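Single-letter residue listing:
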Amino acid sequence: AQSVTQLGSHVSVSEGALVLLRCNYSSSVPPYLFWYVQYPNQGLQLLLKYTSAATLVKGINGFEAEFKKSETSFHLTKPSAHMSDAAEYFCAVRNMNRDDKIIFGKGTRLHILP
Amino acid sequence: GAGVSQSPRYKVAKRGQDVALRCDPISGHVSLFWYQQALGQGPEFLTYFQNEAQLDKSGLPSDRFFAERPEGSVSTLKIQRTQQEDSAVYLCASSWPGPQGTQETQYFGPGTRLLVL
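Residues numbered from 1 in each chain as written. Chains lettered and ligands numbered in written order. Predicted model: local features only at pLDDT ≥ 70, side-chain atom pairs only at ≥ 80, totals over all residues. Heavy atoms only, no water.

**Student:** So what exactly am I meant to see when it comes to the overall build of chain A here?
**Tutor:** Tallying secondary structure elements over chain A gives zero helices and 11 strands in all. Starting at the N terminus and walking to the C terminus, you meet the elements of chain A as β-β-β-β-β-β-β-β-β-β-β. Relative to a compact globule of 114 residues, whose C-alpha radius of gyration would be 13 Å, chain A shows 13 Å and is just as compact. Dimensions along the principal axes, computed over C-alpha positions, put chain A at roughly 45 × 30 × 20 Å. Buried residues in chain A amount to 46% of all 114 residues. About 5,300 Å² of surface is accessible on chain A, with carbon and sulfur atoms providing 52% of the total. On chain A, the mean spot of the 11 positive side-chain charges and the mean spot of the 8 negative ones are 5 Å from each other. (Helix = DSSP H or I, 4+ residues; strand = E, 2+ residues; numbered from the N terminus. Rg over C-alpha atoms; globule rule 2.2 N^0.38 Å. Buried < 20%, exposed > 50% of the residue type's maximum accessible area, 1.4 Å probe, protein only. Areas by Shrake-Rupley, 256 points an atom, 1.4 Å probe, with all protein chains shown as cover. Lys, Arg positive; Asp, Glu negative; His and termini not counted. Charge placed at Lys NZ, Arg CZ, Asp CG, Glu CD.)

**Student:** Hey, could you run me through the interface of chain A and chain B in this one?
**Tutor:** The parts lose accessible area when they come together, and the size of an interface is often stated as this lost area. Each partner contributes residues to the interface: chain A has 22 residues there, and chain B has 28 residues. Both faces considered, chain A and chain B share a buried interface measuring about 1,800 Å² in area, 47% of it formed by carbon and sulfur atoms. Along the contact surface separating chain A from chain B lie one salt bridge. Between lysine 101 of chain A and aspartate 56 of chain B there is a salt bridge whose closest N-O contact spans 3.7 Å. Linking chain A to chain B there are six residue pairs in polar contact (both at pLDDT 80 or more). (Contact = heavy atoms within 4.5 Å. Buried area = accessible area lost by both parts, 1.4 Å probe. Salt bridge = Lys/Arg side-chain N within 4 Å of Asp/Glu carboxyl O. Polar contact = N/O pair within 3.5 Å; in protein donor to acceptor, adjacent residues only side chain to side chain.)

**Student:** Please explain the packing of aromatic side chains as it appears in this structure.
**Tutor:** Each aromatic ring pair is described using two quantities: the centre-to-centre distance and the angle formed by the ring planes. Residue and element names in this part refer to chain A. Across all of its chains, the model carries 15 aromatic pairs over all chains by this definition. Here the aromatic rings of tyrosine 50 and phenylalanine 67 are separated by 4.1 Å at their centres, their planes lie at 15°, and the arrangement is stacked. Linking tyrosine 50 in strand E5 (residues 44-50) with phenylalanine 67 in strand E7 (residues 64-68), this pair joins segments that are 17 residues apart in sequence. On the basis of relative accessibility, which here comes to 9%, the residue phenylalanine 67 falls in the buried class. (Phe/Tyr/Trp six-rings, centres within 6.5 Å; stacked < 30°, edge-to-face > 60°.)

**Student:** Explain the state of the cysteines here, please?
**Tutor:** Cysteine pairs can be linked by a disulfide, which is a covalent bond between their two sulfur atoms. A full pass over the atoms with the stated rule returns two disulfides over all chains. Here cysteine 23 of chain A engages in a disulfide with cysteine 91 of chain A; their sulfurs sit 1.9 Å apart. Linking cysteine 23 of chain A and cysteine 91 of chain A, the disulfide has an S-S dihedral of approximately -65° and is accordingly described as left-handed. Taken as a pair, cysteine 23 of chain A in strand E3 (residues 19-27) and cysteine 91 of chain A in strand E9 (residues 87-95) lie far apart in primary sequence, 68 residues in all. Under the relative-accessibility criterion, cysteine 23 of chain A is labelled buried at 0%. Between the sulfur of cysteine 23 of chain B and that of cysteine 92 of chain B lies a disulfide, 1.9 Å long from S to S. (Disulfide = S-S within 2.5 Å.)

Note that every value here comes from positions in space, so none of it alone points to a role or purpose.
Listed below in C-alpha cells is the structure:
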C-alpha cells in the first residue's frame, strides 16, 4: 500500500523568501515520487519527479526536491518565491515496478505575500 | 503535439440525470487513467485502461459509474443517476508505459468540472 502526507494545507511565504513544502510518503514497494502544481481552474502540471536516478531532483520554475529514504520524505523547495508561484501543490507516489495509478496527497496551497 | 483534452470543461446536471465525460489522450499513449478531485482535495484514482482493456476499476465509487475505451483511444466516463456527492472535477491522464515503468509520467488534461444540483 502507498500513501502520501502533506504537512500544512496552507503555507504563506513572502515574495523572495524560501519556499518549503513538506511531503512524507509510505510505500511497501520502490516508489516513484512526484510534485504537481495546479493553478486555479487548470489541470495538473508536473513540476518534478524522482525515479531513482538521483536523490536531488531539479524541476521547472526553479523548484527542486530531495528524496530521503531514511526519513521517507520528498520535500519541495525553491530558494526565492515569486508571486506567480501561488498555486496548489500536490505530492504524489506511484509504484516503480509497473504502470499504475498515482496516489496523491491532499495538497498544500501556497500563498505569496508581497 | 497536442496534450490531453477533455470535454465538456463544465457540466451542470440535475440530480438523477445521466452524464458522459470525454477524454482524448495524447496520440499513441497506451495507458489512460481517470481521477476524481473533490473540492479542496487531491485527485483520487477511479479507473485505468491499457489500450481498450480496463485493468483496474477499483476506484469507481459505485455501480453508477462506468468507463469505456472501446477502440483504445478516446475514453468516456459515464455517471448514471447523478447525485450531489458526484460534484467534483474529473481528471483524465495518459501515459506511455515503457519497459518496467521507464515511462512514468502521466500527463493530465484540464478536467471536467461537474456540478450536480
